Amino acid sequence: MQPTAVPSNDGSDIALLPGQVSGVFTTARPTFGAAVDDFLNRRPVYEQPLEFPHNIHVGKEIACEVCHEGVDKGPKAGIPGLRTCMICHEAIATDRPRIQQITAMRDKGLDLAWQRVYGFSNDDHVRFNHAPHIRNKVECATCHGNVGEQTIAQRNVEHTMGFCVNCHNERKASIDCLTCHF
Amino acid sequence: MARWGMAADLDRCNGCGACVVACHSENNISTVGDEQASRGRAKHWIRVERYWEGDFPDVRLKFRPVMCQQCDNAPCEPVCPTYASHHTEDGLNAQVYNRCIGTRYCANACPYNARFFDFFNPSWDKPLQLQLNPDVSLREVGVMEKCTFCVQRIRGAQLQARTEDRALRDGEIQPACVQGCAAKALVFGDLEDPESHVSRLARSPRGSKLLEDVGTQPAVTYLARATQV
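Residues numbered from 1 in each chain as written. Chains lettered and ligands numbered in written order. Predicted model: local features only at pLDDT ≥ 70, side-chain atom pairs only at ≥ 80, totals over all residues. Heavy atoms only, no water.

A. Up close: the packing of helix α5 (residues 82–89) of chain A against helix α6 (residues 97–107) of chain A. All names here are of chain A. Interhelical geometry of α5 versus α6 gives an angle of 125° and a closest axis separation of 11 Å. Taken together, the axes of α5 and α6 are oblique relative to one another. Viewed along their axes, α5 and α6 form a crossing whose handedness is left-handed. On α6, the residues touching Leu82, Cys85, Met86 and His89 of α5 are Ile99, Ile102, Thr103, Met105 and Arg106. In terms of residue class, the contact of α5 with α6 is built from 6 nonpolar, 2 polar and 1 charged. (Axes fitted to C-alpha atoms, helices over the stretch in contact; angles between N-to-C directions. Helix = DSSP H or I, 4+ residues; strand = E, 2+ residues; numbered from the N terminus. Parallel < 35°, antiparallel > 145°, perpendicular 65-115°, else oblique. Left-handed = near helix turned anticlockwise from the far one by under 90°. Contact = heavy atoms within 4.5 Å. Nonpolar A, V, L, I, M, F, W, Y, C, P; charged D, E, K, R; others polar.)

Pasting the structure below:
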């Protein structure tokens, strides 16, 4: 896979919705087809900029929190940028082609444009928060499956409302609509 | 369980409109342009009403910030066929956008004109979308929206307090309008706690509710203007 690059300091290019009209930011879906896909929960197949191996890293007993730093602190887990990779890869596995690729990108001041795997569409109006789940010892695997054994993260748990609310009922967490929807 | 309420001291309000701006930016409220605004399609979860009293030259100017009054007996709730508009245990008048099918009955029932229908998908000229608040979802065309007492901040503070294993402190939660008010005319808090700042203001002899006689039992108390300017 060829890495696709974005300038690391320009958030506007990353924040665009797929197919969005340039100049104006809107939540409107660009085409009728996109609306149908969204309604049927069909997701576009994303190409990651680099085949990142979760299995190798988790196999080396690197904790999820090393890369997904925000996960026990707030709503977002966060997806690591090149700066995080280079903390280790300045020294580790520097002879492998993929590592040389990312080192070269870093030297050019570029970053990796990871595509999101999990997440809600705007019309779901869901505000999720990782921190209370991690604090209450809900495993990553409950909501993200066996990512640790995958290379690129795959979406193999569907985050439907029933999925969330069933556990909230079991664990006596809040099921007030304004827990998740605002 | 808390019951959230607000007090607005009209003696302090100077009509500057900072609350309106703060609310717009906190809650990702889009603007619709002057033409659509003139057709009554503008959305302001909080507005500052302006009243002139007396005859020239003895005129007085009065201001009144008006937001959703989070009524205990809310006329918007029973008319909603989908329960999108309903009451939460902590006394908030919730609007679940997912459930809303846009009948607009609620807006018609609201005596305060505090509910706003999205006639358009929201849009922002780039790069203004970068200032959107990620804690608040964007409402699409066809749903009703209104002041939430900044529920994202209420839930955020509750969660923070639980994380630190302590009770919420009075004044810890500040909706954007309260935070933005330089004159400290707006006070937010728990009406269930008799010692909270908002409870004390709600008991003030200067206090009254908006359209009290229609029986909506609002959670917002207005403190009448005492000084003669």
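This is not the end of the story, as more comes after the structure.
B. Broad picture of the layout of surface pockets. All names here are of chain B. Approximately 310 Å³ is the volume found for the second largest pocket. Looking at the second largest pocket, it is lined by 19 residues, and the ones nearest its centre are Val178, Lys184, Leu186, Val187 and His197. At the level of secondary structure, the elements contributing two or more residues to the lining of the second largest pocket comprise β1 (4–9), α5 (176–180), β9 (186–190) and α6 (197–202). The leading source of residues in the lining of the second largest pocket is β9, at 3 residues. Of the residues that constitute the lining of the second largest pocket, the class distribution is 10 nonpolar, 4 polar and 5 charged. (1 Å grid on protein atoms, 1.4 Å probe; cavity = no way out; pocket = protein on both sides within 12 Å on 5 of 7 lines; lining within 4 Å. Points joined across faces, edges and corners; volume = space filled by probe spheres on them.)

C. How the structure looks around unusual backbone geometry. Residues and elements named next belong to chain B. Here the amide bond leading from Phe56 into Pro57 is cis, since omega sits at 5°, within 30 degrees of zero. The topology assignment puts Pro57 in the loop between β2 (46–53) and β3 (60–67). Note the cis peptide between Lys126 and Pro127, where omega equals 5°. With respect to the helices and strands, Pro127 occurs in the loop between β7 (123–125) and β8 (144–146). One non-glycine residue with positive phi stands out, namely Asn28, at about 55°. In this structure, Asn28 sits in the loop between α1 (18–26) and α2 (34–38). Look at Asn28 and you get buried, because its relative accessible area is 4%. (Buried < 20%, exposed > 50% of the residue type's maximum accessible area, 1.4 Å probe, protein only.)

D. Broad picture of the pattern of salt bridges. In the structure shown here, the tally under the stated rule is 18 salt bridges over all chains. Here the residues in one salt-bridge network are Asp9(B), Asp11(B), Arg12(B) and Arg206(B), joined through shared partners. (Salt bridge = Lys/Arg side-chain N within 4 Å of Asp/Glu carboxyl O.)

E. Expanded view of empty space enclosed by the protein. Residue and element names in this part refer to chain B. Throughout the structure, instances matching the rule amount to 4 cavities of 30 Å³ or more. Taken together, 17 residues form the lining of the largest cavity, with Cys80, Cys100, Thr103, Arg104 and Cys106 sitting closest to its centre. Taken together, the residues of the lining of the largest cavity break down into 10 nonpolar, 5 polar and 2 charged.

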